[in-house]
Protein chains: 2
Amino acid sequence: MSELRKDVITREWVILASELAKRPYDFKTEKPVVKKLAHDPKCVFCEGNEDKTPPEVLSYRSHNSKPNGKGWQLRVINNKFAALSLEGDLQRRDITIYDAMQGIGAHEVVIESNDHSKNIALYDHKTVENVIWAYCDRYIALKKDTRLKYISVFRNHGKIAGASLAHPHSQIVATPIIPQKVWQKVSGVTQYSEYREKCVYCDIIENELKEKSRLVIENGKFVSLTPFASRSPFETWILPKGHSSCFAYMNRFEVNDFAEILRETMLKMYTCLNDPPYNYTIVTAPCDTDKLDNFHWHIEIVPRLTTPAGFEIGTSIYINVTPPEIAAKFLRDTKV
Amino acid sequence: MSELRKDVITREWVILASELAKRPYDFKTEKPVVKKLAHDPKCVFCEGNEDKTPPEVLSYRSHNSKPNGKGWQLRVINNKFAALSLEGDLQRRDITIYDAMQGIGAHEVVIESNDHSKNIALYDHKTVENVIWAYCDRYIALKKDTRLKYISVFRNHGKIAGASLAHPHSQIVATPIIPQKVWQKVSGVTQYSEYREKCVYCDIIENELKEKSRLVIENGKFVSLTPFASRSPFETWILPKGHSSCFAYMNRFEVNDFAEILRETMLKMYTCLNDPPYNYTIVTAPCDTDKLDNFHWHIEIVPRLTTPAGFEIGTSIYINVTPPEIAAKFLRDTKV
């Protein structure tokens, strides 16, 4: 018998089809072992090809190196194929019964490392910290433009998950509107807190630390867990234990713990599921209210192991073949 | 310069990245010409293998043929790997801070034709009509179970779009809850009608028939168009011109016109995009209110030509590389 579970924030239901239940080895595909080079001279994101990308807006590099040259550990550039751009006016306008506006915004690429062959699961601690600091630095810089209402930080890994270039990178997109999906979560948090006078994510953390069946890892300041109403197999969230609305204001102790738990979670997933394609997204408060302290930021990691089809597209109800309790146990038991 | 466009019903924005604009031939992949057999003895949905599926809940068959034997044109069966089942009690229950209930519902498969090699684009008119009548008949039968709140009818075509079996089929899933995605549309329609005292879909149809740039085909009772805020390349909607909340109460003249425009639209897509993978979903009123006449049913066809990634998953803002005006022109100009 399958079970319907409700996401306590978004009110979306999922169907846990436990009779179809799948385990990690059901998702493991036999991949040819392609030895990736640490440096690929043809890759535009590799060292030495800085002139083949738009100029950097941020870089972490050695003291005696020059911008847009060699000698960097991390670079942030504008996306050459940007979906949005900061130039121009917003000009919101009506087209008969419809609304439209110019594509004002930012679309940046975080080139996370000069090593072509690595990814979050395989970096050393310092590199993961660098990536997180870059997310924070660019968030704070972009937020100064008051036209921008939301800043989305995400990572696509693997072709199936939409990554078009192999060199490890994340993306940052800033939009002049608050996305509906974010509104839905902000509203969910607000409604819960009006009714119960506390934060729903704080309640989830308290509950999961007590209950333990969906817990993956815990460290000083963070917790990694599979959500009760997981929409897809091995969906995993990492949340700060302390209530905090925006990720970008982390101090260095928090960045340290976040880097540690992010790397370990990704390495467990990498080991358990054989380097699966995935997307992760930082869910944070909209720019205008990111200091209001009503939201609880976190990161959502979604391995792309199954294909959403007509039912999911039409209803947004997901059929999940791996209950989160099973996924969490496999991740917990994976030694890294 | 890209453009942001807002869906007037759901309030979701899309980014039309016109600088990255793609045309049909950019999506055409060179497919090996696999000659599909009209009958595959190994296919469980082919004639002669009726004993390999669960028993039929509906069939259109010749007078002298017997249920669950040969001689049918169309069969509807329970899904062997059903996500939901009608047996059991709903038993909504709390699990600490969460909600869950038993997976009560229905999950049926419409085996659309005894020809293994065809699909909606290639059927004759009569077969398309049969498929539509089967959708209506099963909707009306399932609706009698008052535990069911929404009945979703959809079709997955091609592996990328989640179809696991090649034999042409659609699916029907009935859920004991109204999906959030449907709620979002029902709310959008309600808000628009409270404000403007008319139906938003009726306004869209009137506007598009006048404006013409996003029009694909029109016949007596239906219109096929690419929506102003298309989320993905070649997204296409077919809507009845007359306001009607639920598809299942069509009369035979309406079924005739719907079959005609559905087949022609799918054939244009098949020809223009070289048999693309796609999902289509019928969007209709929830069961309880399907006679209230506040909604406007329609079908949404989404070819799977691009991969939604972290940005789309995290924000539900889609980046679309083919403006609907370009898609509509290509579909209009495709001779079938």
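Along each chain, the written sequence defines residue order, and numbers are assigned to residues from 1. Written order determines the labels here, with chains lettered from A and ligands numbered from 1. Local features are withheld for residues below a pLDDT of 70 in this predicted model, meaning they are given only at 70 or higher, and side-chain atom pairs are given and counted only at 80 or more; totals for whole chains, interfaces and linings count all residues.

### Topic: the overall build of chain A
This is how the line gets drawn: The helix and strand labels rest on DSSP assignments: H or I over at least four residues marks a helix, E over at least two residues marks a strand, and numbering proceeds from the N terminus. Throughout, radius of gyration means the C-alpha value; the globule benchmark is 2.2 Å times the number of residues raised to the power 0.38. Buried means a residue has 20 or more other C-beta atoms within 10 Å of its own C-beta, exposed means 12 or fewer, and partly exposed covers the counts in between; C-beta atoms are placed from the backbone. By the convention adopted here, residues are in contact when the distance between their C-beta atoms, placed from the backbone, does not exceed 7 Å.
Summing up its helical and strand segments, chain A has seven helices and 15 strands in all. Expected size for 336 residues packed as a compact globule is a radius of gyration near 20 Å; at 20 Å, chain A falls within 12% of this value. Taken along its principal axes, the extent of the C-alpha atoms in chain A is 60 × 55 × 40 Å. Across the 336 residues that make up chain A, the buried fraction comes to 48%. Long-range contacts, defined here as pairs at least 24 residues apart, represent 69% of the contacts in chain A between residues at least 6 apart.

### Examining the relation of the copies chain B and chain A
Rules: What sets the superposition is a least-squares fit of C-alpha atoms, and only residues with pLDDT of at least 70 in both copies go into it.
Superposition record for chain B on chain A: RMSD 0.0 Å, screw rotation 180 degrees, translation along axis 0.0 Å. On the angle and the small slide along the axis, the relation comes out as a two-fold axis. Counting the interface residues of chain B, we find that 100% of their copies in chain A are interface residues as well, pointing to one common contact surface.

### Overview of the interface of chain B and chain A
Convention followed: Put simply, Ala, Val, Leu, Ile, Met, Phe, Trp, Tyr, Cys and Pro go in the nonpolar bin, Asp, Glu, Lys and Arg in the charged bin, and everything else, Gly too, in the polar bin. Pairing between two strands requires that DSSP report at least two bridges joining them.
Residue-level contacts link 58 residues of chain B with 59 residues of chain A. Broken down by class, the residue content of the side of chain B that touches chain A amounts to 30 nonpolar, 18 polar and 10 charged. Across four bridges, the pairing between strand 1 (residues 3-6) of chain A and strand 6 (residues 98-102) of chain B is antiparallel. The partner of A:K6 across the bridge, within strand 6 of chain B, is B:D99.

### Observations concerning the packing of helix 2 (residues 125-143) of chain A against helix 5 (residues 252-272) of chain A
Residues and elements named next belong to chain A. What counts here: The axes are straight lines fitted to the C-alpha atoms, using for helices just the contacting stretch, and the angles between their N-to-C directions are given from 0 to 180°. An angle below 35 degrees is read as roughly parallel, one above 145 as roughly antiparallel, one from 65 to 115 as roughly perpendicular, and any other as oblique. By convention the crossing between two helices is left-handed if the near helix lies anticlockwise of the far one by an angle smaller than a right angle, and right-handed if it lies clockwise.
Running from N to C, helix 2 and helix 5 cross one another at 115 degrees; their axes reach a closest spacing of 9 Å. One element, helix 2, and the other, helix 5, form an angle in the roughly perpendicular class. For the element pair helix 2 and helix 5, the recorded crossing hand is right-handed. Across the interface between the two elements, H125, V128, E129, I132 and W133 from helix 2 touch V255, N256, F258, A259, E260, L262 and R263 from helix 5.

### Details of helix 5 (residues 252-272) of chain B
Residues and elements named next belong to chain B. Our working rule: What a helix should span is 1.5 Å times the count of its residues minus one.
In this model helix 5 runs 30 Å from its N-terminal to its C-terminal C-alpha over 21 residues, within 8% of the 30 Å that 1.5 Å per residue would give. Those residues of helix 5 lying buried are F258, A259, I261, L262, R263, T265, M266, K268, M269 and C272. Following helix 5 by one or two positions, N274 adopts a phi angle in the positive range, close to 60 degrees.

### As for the nonpolar core
To be explicit about the condition: Here, a nonpolar core means buried Ala, Val, Leu, Ile, Met, Phe, Trp, Tyr and Cys residues linked by C-beta atoms lying within 7 Å of one another.
Counting residues in each nonpolar core, the largest one holds 91 residues, and the members touching the most others are A:I151, A:L262 and B:I15. Contact partners of B:I15, with chain neighbours within four places excluded, come to A:A83, A:L84, A:G103, B:S2, B:L4, B:I317, B:I319 and B:N320. By size, the runner-up hydrophobic cluster in this structure holds 90 residues, among which are A:I317, B:I111, B:I205 and B:F258.

### Quick look at the confidence of the model for chain A
We apply this condition: How sure the predictor is of each residue is captured by pLDDT, a score from 0 to 100.
For chain A, the average pLDDT comes to 94, and 98% of its residues sit at 70 or higher. Here the predicted complex scores 0.95 on pTM and 0.93 on ipTM.

### Looking at the sheet that holds strand 5 (residues 93-95) of chain B
In space, the five strands of this open sheet follow the order 15(A)-2(A)-1(A)-6(B)-5(B), with mixed pairing throughout. Taken across any chain shown, the strands that pair with only one partner, and hence form the sheet edges, are strand 15 (318-320) of chain A together with strand 5 of chain B. With strand direction ignored, the average angle separating the axes of adjacent strands in the sheet is 30 degrees. Bridging between strand 2 (residues 13-16) of chain A and strand 15 of chain A involves three bridges; their strand directions are parallel. When the sheet's bridge partners are listed, A:I15 is paired in strand 15 of chain A with A:I319.

### Thoughts on unusual backbone geometry
Residues and elements named next belong to chain A. Backbone geometry places N68, a non-glycine residue, at a positive phi of 60 degrees. Of note, N68 is situated in the loop between strand 3 (56-61) and strand 4 (72-78). Given 16 C-beta atoms within 10 Å, N68 falls into the partly exposed group. The residue F234 is not glycine, and still its phi comes out positive at about 70 degrees. Turning to its location among the elements, F234 is positioned in the loop between strand 11 (222-225) and strand 12 (236-240).

### Here's the deal with helix 7 (residues 324-333) of chain B
For helix 7 of chain B, the complete set of buried residues consists of B:P324, B:I326, B:A327, B:A328, B:F330 and B:L331. Looking at the buried side of helix 7 of chain B, the elements it contacts are helix 1 (24-27), strand 10 (215-218), strand 11 (222-225) and helix 5 of chain B.

### Overview of the environment of A:N49
Residues and elements named next belong to chain A. Tracing the sequence through the fold places N49 in the loop between helix 1 (24-27) and strand 3. Along the chain, N49 and K70 lie 21 residues apart, while their C-alpha atoms are 8.4 Å from each other. In contact with N49, other than residues within four places in its own chain, are C43 and V44.

### Here's the deal with the sheet that holds strand 11 of chain B
Residue and element names in this part refer to chain B. Spatial strand order, 3-4-7-9-8-13-14-12-11-10: 10 strands in an open sheet with antiparallel pairing. Bordering the open sheet on either side are strand 3 (56-61) and strand 10, each of which pairs with just one other strand. Here the average twist between neighbouring strands, direction ignored, is 15 degrees. The strands touched by helix 2 (residues 125-143) within the sheet are strand 3, strand 4 (72-78), strand 7 (106-111), strand 8 (150-157), strand 9 (169-175) and strand 13 (278-283), with strand 4 carrying the most contacts at an inclination of about 35 degrees.

### Topic: the pairing of strand 14 (residues 298-303) of chain A
Within a regular strand, side chains alternate between the sheet's two faces. Residue and element names in this part refer to chain A. The buried fraction of strand 14 is high, at six of six residues. Residues H298, E300 and V302 of strand 14 are buried on one face, and the alternating residues I299, I301 and P303, pointing to the opposite face, are buried as well. Pairing analysis gives three bridges linking strand 12 to strand 14, with the strands arranged antiparallel. Across the sheet, T236 pairs through a bridge with I301, a residue of strand 14.

### Looking at the environment of A:V302
Residue and element names in this part refer to chain A. Looking at the element boundaries, V302 is found in strand 14. C-beta crowding within 10 Å serves as the criterion here: with 22 such atoms nearby, V302 is assigned to the buried category. The spacing of V302 and I326 is 24 residues in sequence and 16 Å in space, taken between C-alpha atoms.

### What about the environment of B:I160?
Residue and element names in this part refer to chain B. Note on placement: I160 falls in the loop between strand 8 and strand 9. Given 18 C-beta atoms within a 10 Å radius, I160 is considered partly exposed. Along the backbone, I160 and L305 are 145 residues apart, and their C-alpha atoms lie at a distance of 9.1 Å. Leaving out residues up to four positions away in the same chain, I160 has contacts with P277 and R304.

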